[in-house]
Amino acid sequence: MKFIVSSTALFSHLQAISRVINSKNALPILDCFLFKLEDGTLSVTVSDSETTMDTTIEVNESDTNGAFAVPAKTMLDALKELPEQPLEFQINVETYGIEIKYMNGQYSLMGQNADEYPRSATLGDNNAVRVEMSAQILLGGINRAIFATADDELRPVMNGIYFDITTEDITMVASDGHKLVRCKTFGAKGTERAAFILPKKPANLLKSLLPKESDDVIIEFDERNAVFTLANYRMVCRLIEGRYPNYNSVIPQNNPHKVTVDRAQLMGALRRVSIFSSQASSLIKLRMQENQIIVSAQDIDFSTSAEESQVCQYAGNPMSIGFKSTFLIDILNNISADEVIIELADPSRAGVVVPVEQAENEDLLMLLMPMMLND
């Protein structure tokens, strides 16, 4: 069995899907790429038994159809050092010996029997839901939400991004109990009411693939698995099972205190002042008074403190609220608008942060639980 393929095309596709491979695998074959040649098209598959990704590459010449597995690390390291050129693969289908010939030399390595590679999951025919959305809308939602997902062994449903699909819009939600992101897009919708929870690892894999995509992404899912189909890649992943909490019920509705502030300036003040906060709590205090927001922090144990004031639009009664600085910086970092509105009810209720100008077809809201102030 032999075929010829471009070295850089092969390397870029292998590198993109190699992130699926775990550093430690229960099955040794999962340390391999599965190569399958069929009618002049090479498909390469990787899996960690929960998530499977495959990609297709056109080959220049090929003789017979066939399949083999090849060690991923060796393959990536060898291709990384090669400039663009045609590579000729020759595989002995009986011994799985692999010869790779290039311009000035050749590599020899041992492959494995492709039959040992686990099959990827398939969707149930009757109850699979199908949704299409633009790659950039999906990327935008994942980018904004993923930082707010939890690492909670007791509540696994919080460890992923919740996709809430209606016939009018699609909402992507993530929360770890302290902060929450709700990114609603009107640029995509479903044909029926449906929902699924995408785990963090496949979400990160999509985050690395989607920037180069210009077409729509097709998402198909049932109760257990989802399939994401991109132009050159396809990912099948196990979903997180369970009921996601009612996220709308935790968002406070009537927030009389509204502060409009320059996002970058507030983030700069928080970064400077938080250096002087208690390392244990990272507590910073925001004090709002007429058209001014005062950011302060102190660490009583080390007798350090800092305070900085910023101009803002605020006309309510003076009030103070405490937040964990790292969480608030994260939230501001994941909003792209120049100005944000911080909506507050009282120091014991969650603060809501929204951009002053929403992106087209989007409704983005972030929420942060307060911390108790000692004074």
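Throughout, a residue's number is its position along its own chain's written sequence, starting from 1. Restriction of local features to residues with pLDDT of at least 70 applies here, the model being predicted, together with a cutoff of 80 or more for giving and counting side-chain atom pairs; totals for whole chains, interfaces and linings are based on all residues. Based on all heavy atoms of the structure, the side-chain values leave hydrogens and waters out of the count.

Caption draft 1: How the structure looks around the overall build of the protein. Looking only at helices and strands, the protein features six helices and 25 strands. With the principal axes as the frame, the protein shows a C-alpha extent of 80 × 50 × 35 Å. The contact definition used throughout considers only heavy atoms, calling two residues in contact when any of these lie within 4.5 Å. Restricting the contact set of the protein to residue pairs at least 6 apart, pairs at least 24 apart contribute 66%. Every accessible area reported is derived by Shrake-Rupley at a probe size of 1.4 Å, with residue values counting cover from the shown protein chains alone. Carbon and sulfur atoms make up 46% of the accessible area of the protein, which totals about 18400 Å². The convention is simple: Lys and Arg are positive, Asp and Glu are negative, and His and the chain ends are not counted. By convention, charge coordinates are those of NZ in Lys, CZ in Arg, CG in Asp, or CD in Glu. Computed over 32 positive and 50 negative side-chain charges, the separation of the two mean positions in the protein equals 4 Å. Strands here mean DSSP runs of E at least two residues long; helices mean DSSP runs of H or I at least four residues long; both are numbered from the N terminus.

Caption draft 2: The sheet that holds strand 5 (residues 61-62), seen in detail. Two strands form a pair only when DSSP identifies at least two bridges running between them. On the basis of which strands lie adjacent, the open sheet formed by five strands has the order 5-1-7-8-9 and antiparallel pairing. Lying at the two open borders of the sheet, with one neighbouring strand each, are strand 5 and strand 9 (105-110). One ladder, built from two bridges, connects strand 1 (residues 2-6) with strand 5; its direction is antiparallel. Of the residues in strand 5, the one forming a bridge with F3 is S62.

Caption draft 3: Expanded view of the sheet that holds strand 22 (residues 319-324). With respect to topology, four strands assemble into an open sheet ordered 21-20-19-22, the strand pairing being antiparallel. A strand with exactly one partner marks an edge of an open sheet, and here the two such strands are strand 21 (304-311) and strand 22. When the angles between neighbouring strand axes are averaged without regard to direction, this sheet yields 20°. Note that strand 19 (residues 283-289) and strand 22 share six bridges and pair antiparallel. Paired with L286 across the strands is I321, a residue of strand 22. Geometry is summarised by axes, namely lines fitted to C-alpha atoms with helices restricted to the contacting stretch, and by angles between N-to-C directions that run from 0 to 180 degrees. Where helix 5 (residues 263-274) meets the sheet, its contacts fall on strand 19, strand 20 (292-299) and strand 21, and the angle it forms with strand 21 comes to roughly 170°. Helix-sheet contacts for helix 6 (residues 325-333) involve strand 19 and strand 22, and the interaxial angle to strand 22 is about 90°.

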